[in-house]
Amino acid sequence: MVSSRKEQKIYKIRESYRQQFYVAVITLDPWRNSWAWKGHIDFDAGIHSISTNRTFATAEEAKDHMRQSTHQCIDNRLG
């Protein structure tokens, strides 16, 4: 049985942590069949870009890593 529903290939996430807004895009690389992410944090002093060189087997793994990295970056910046 063939499913007509296709897996989404791009997820855009808009969230906040410690009153700092951030946006990330999680994308599927069809050639490598792996997921990656990049985004930015909107600090009062300006936009701070973030990304990773890692790839992930699932979109959920990429989302979890993005959230951990973003929260850590915000914590480090705010002290």
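Everything here concerns the structure above.
Position labels on residues start from 1 in each chain and follow its written sequence. Side-chain atom pairs in this predicted model are given and counted only at pLDDT of 80 or more, local residue features only at pLDDT of at least 70, and totals for whole chains, interfaces and linings cover all residues. Excluded from the side-chain calculation are hydrogens and water; included are all heavy atoms of the structure.

1. Observations regarding the pairing of strand E4 (residues 46-51)
The rule for pairing is simple: two strands pair if DSSP sees at least two bridges between them. The way it works is that DSSP assigns letters per residue, a run of H or I at least four long becomes a helix, a run of E at least two long becomes a strand, and they are numbered from the N terminus. Note: strand E3 (residues 34-43) against E4, six bridges, orientation antiparallel. Residue pairing across strands places Asp42 opposite Ile47, the latter belonging to E4. Counted along the chain from E3 to the antiparallel partner E4, the turn is two residues long.

2. Comments concerning unusual backbone geometry
Although it is not a glycine, Arg18 adopts a positive phi angle of roughly 50°. Within the chain, Asn33 stands out as a residue other than glycine whose phi angle is a positive 55°. Topologically, Asn33 is positioned in the loop between strand E2 (20-29) and E3.

3. As for the packing of aromatic side chains
Between the rings of Phe, Tyr and Trp (Trp by its six-membered ring), a pair exists once the centres lie within 6.5 Å; its type follows the angle of the planes, with under 30 degrees stacked, over 60 edge-to-face, and the other angles tilted. Under the defined criterion, the tally for this structure stands at one aromatic pair. Ring centres 5.8 Å apart and planes at 45° place the aromatic pair Tyr11 and Trp35 in the tilted group. Taken together, the positions of Tyr11 in strand E1 (residues 10-17) and Trp35 in strand E3 put the pair 24 residues apart, joining distant regions of the chain. Ring-over charges, as used throughout, are those where CZ of Arg or NZ of Lys falls within 6 Å of the ring centre and within 35 degrees of the ring normal. Between Lys63 and the ring centre of Tyr11, over which it is positioned, the NZ or CZ distance is 4.2 Å. Lying over the aromatic face of Phe43, Arg77 brings its terminal NZ or CZ to 4.3 Å of the ring centre.

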